[in-house]
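Now for the letters of each chain:
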Amino acid sequence: MADIAVGAQERGIVRSHATSRSSLHKWAKRKSTVAFFMALPLILLIGILVVYPAFYSMHLATLNKSMTKFVGFGNFQYLFKRDTFWMVVEQSCIFAITAVIFKALIGFIGAHFVHNVPANKQRRWRGMLLIPWVIPPAMGTLAWLWLFDPSYSAFNWILTHIGLSAVPWTGDAYWARFSVILVNVWAGSPFFLIMYLAALKSVPEQLYEAAAIDGASWWQRIWYVTLPMMRNIIAITALYSLIVTFANFDIVRILTAGGPVDKTHIFATYSFRVGIESADIPLGASVSLFMLPILAIAATFILRDIMNRGNEA
Amino acid sequence: MSSLAINDKAAPTRKVYRSMKHDRVWALRWSYVFLTIFAIFFLTPPIYMFVTSLKSSAEIGAQTNPWVVYHPTLVNYIELLTSSQYLGFFRNSALVSVFTVTITMLIAIPAAFALARMRFWGSGVLATGIFLTYLVPDTLLFLPLFKMFAVVQQWTGITLLNHWWVLLILYPTLTVPFATWIMIGYFASIPKELDEAAIIDGASWLQTLTRIFIPVALPGIIAAMIFSFTVSWAQFLYPLAFTTSADQLVLPVGITTTLIKGDVFNWGQIMTGALLGAAPPLIIYAFLMDYYISGLTAGATKG
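Just so you know, these numbers come straight off a predicted model, no measurement behind them. (Residues numbered from 1 in each chain as written. Chains lettered and ligands numbered in written order. Predicted model: local features only at pLDDT ≥ 70, side-chain atom pairs only at ≥ 80, totals over all residues. Heavy atoms only, no water.)

### Brief notes about the overall build of chain A
Move 1: A tally of regular secondary structure across chain A gives 15 helices and zero strands.
Move 2: When burial is assessed residue by residue, chain A has 51% of its 313 residues classed as buried.
Move 3: For chain A, long-range pairs separated by at least 24 residues make up 69% of all intrachain contacts whose partners lie at least 6 apart in sequence.
Move 4: Summed over all atoms, the accessible surface of chain A reaches about 15,500 Å², with 66% contributed by carbon and sulfur. (Helix = DSSP H or I, 4+ residues; strand = E, 2+ residues; numbered from the N terminus. Buried < 20%, exposed > 50% of the residue type's maximum accessible area, 1.4 Å probe, protein only. Contact = heavy atoms within 4.5 Å. Areas by Shrake-Rupley, 256 points an atom, 1.4 Å probe, with all protein chains shown as cover.)

Pasting the structure below:
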């Protein structure tokens, strides 16, 4: 097959040599023109609905509430003076970092156990453990909201029956912070599990056998074989998840709507509250812009990794 | 082969061999124990959704054991499936998702083909740019988009707010970058000889795309379609911000806003609605799990 293709290619070259240079040039030009037009809808979509709004958001952040007057950094100055805003910053960081760490841990441990199971049963376990990721987050969170219900909580029913006191899952500020993280870990760890499982399968079995012969314990095998081999994928997955978790909206919005007393607001829910519900679009845009630094840092690292891999290939 | 050689070396006496086997058995048992714990954690909410959906309001209010159904009833399902409002949410969701998948494919396939095979000025930058836009979250864009749509409405008189079809403009921004990205990966993995041969035989670029690339990269296209469908079905922020009247809502927003009337939560119906709403992606997942997972891992592992 390859021979035929090469033959055809040679014939093609011969033919193009026969034609004049300028028509070859024209043909190349036409190819790139065709390519440009094929990519044009994508360029327009990204340009008009992603890039432009991102910059427009920065412009909006410098306007007053009725969007008639330029106020410079007025919105930011206003935010910096508000305790609620600093609470949102704090909670966003706590929420994203804790959730990502636990998602990564559960995903890593889970992937190991699935990998241990005989190959013919792995499919079933994997299928079962990925279900939270498939359920739309809004629907899954509703189930948790019902499990956390103040008066009918099914968790509290179990707790009181084994002699513990009921927990105010979403009523108390600190428990509510715990609850939103718990739900986020529930919804997000299957993603880590699948990524890590795929990575685990790519680690050559010989490495483990060699380590076993050298008398490595299971812990040493993980530390000296698995982790170094999976370093890249662990980093990429965690960074990607950091972006998504930092920008999370659905879970907090449905579970607590930012309450009690704004203790569980994160950037996204707070900017929705301010921008849409209080109709102060510039202030909401200012709040959401605080997601940019984290986003830019994580994106840089992810991009660097992809570029490196591109060079290796 | 290598494992045979290792057994020879590692088991000079039977004792060592047996202890390794012993370890394996215990590792397997512990794996099952922990996997069961994980499965309980992951599956409790959907199972509890199902349990609650079979209960009447009276049974939910009676504060019996919440984990057991004493008088199973389908009344919640019947009420929802005969409620024109709920069916309206379902229809809106289905229309939005199907059209979004179509639009996404129409934009992403030619673009991915152009970027993977036919270089043009700036195509390298564009490929990287696509990946970056995939990382821009909806929570950063919804306010400027909201304002943009309001401005367009002022200028042209076209109402761009509070219609379900407005979501068709918004959802592609979430699905197209990723779909294009994974399809560039799939297209790039197709051997160059294949399309070169077709071009030599006189096929146009469009024919190369439709006769060779689309059939060969079909698994990737299916994965991208599943991804686009799941994202549009689950999207919550855009419909919450852009649509308000009950007849224009999609499922996630419809369930969270209309089934909760004031402070009265009809939990049997909410859980039924959520479960039925989660059913389409779950059914697709049950039948096409491998495509689903290949799409999921393609995003970060391939590229």
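### Quick notes on a nonpolar patch on the surface
Move 1: Where nonpolar side chains cluster on the molecular surface, the patch consists of I97(A), I101(A), F102(A), L105(A) and I109(A) and spans about 440 Å² of accessible area.
Move 2: Here I101(A) lies in helix α4 (residues 83-116). (Patch = residues over 30% accessible without salt bridge, like charges linked within 9 Å, V, L, I, M, F, W, Y side chains within 5 Å. Salt bridge = Lys/Arg side-chain N within 4 Å of Asp/Glu carboxyl O.)

### Looking at the packing of helix α7 (residues 137-147) of chain A against helix α15 (residues 267-287) of chain B
When two helices pack together, their arrangement is given by the angle between the helix axes and by the axis-to-axis distance.
Move 1: Where α7(A) contacts α15(B), the axes come no closer than 9 Å and their chain directions differ by 155°. Classified by the interaxial angle, the pair formed by α7(A) and α15(B) is roughly antiparallel. Taken as a pair, α7(A) and α15(B) cross one another with a handedness that is left-handed. Residue-level inspection shows M139(A), L142(A), A143(A), L145(A) and W146(A) of α7(A) in contact with α15(B), the latter providing W267(B), I270(B), M271(B), A274(B), G277(B) and A278(B).
Move 2: Among the residues making up the contact of α7(A) with α15(B), the classes are represented as 10 nonpolar, one polar and no charged. (Axes fitted to C-alpha atoms, helices over the stretch in contact; angles between N-to-C directions. Parallel < 35°, antiparallel > 145°, perpendicular 65-115°, else oblique. Left-handed = near helix turned anticlockwise from the far one by under 90°. Nonpolar A, V, L, I, M, F, W, Y, C, P; charged D, E, K, R; others polar.)

### Thoughts on the nonpolar core
Move 1: In terms of nonpolar packing, the biggest core is built from 192 residues, with F187(B) and Y238(B) touching the most fellow members.
Move 2: The biggest single contributor to this core is helix α9 (residues 173-201) of chain A, with 16 residues.
Move 3: If we ignore the near neighbours within four places in the chain, the residues touching F187(B) are I109(B), A112(B), F113(B), A116(B), R117(B), L209(B), F213(B) and A217(B). (Core = buried A, V, L, I, M, F, W, Y, C linked by side-chain atoms within 4.5 Å.)

### A few points about the side chain of T139(B)
Move 1: For T139(B), the location among the structural elements is in helix α7 (residues 138-156).
Move 2: Here the side chain of T139(B) touches A247(A) through a polar contact of 3.1 Å, landing on its backbone oxygen.
Move 3: Setting aside its immediate chain neighbours within four residues, T139(B) contacts A247(A), F249(A), A268(A), S271(A), S288(A), M291(A) and L237(B). (Polar contact = N/O pair within 3.5 Å; in protein donor to acceptor, adjacent residues only side chain to side chain.)

### A short note on unusual backbone geometry
Residue and element names in this part refer to chain A.
Move 1: The backbone of A257 shows a phi angle near 55°, a positive value even though the residue is not glycine.
Move 2: When you line up the elements, A257 lands in the loop between α12 (250-255) and α13 (267-277).
Move 3: For V261, which is not glycine, the phi torsion reads 40° and is therefore positive.
Move 4: On the secondary structure map, V261 appears in the loop between α12 and α13.
Move 5: Accessibility expressed as a relative area gives 68% for V261, which makes it exposed.

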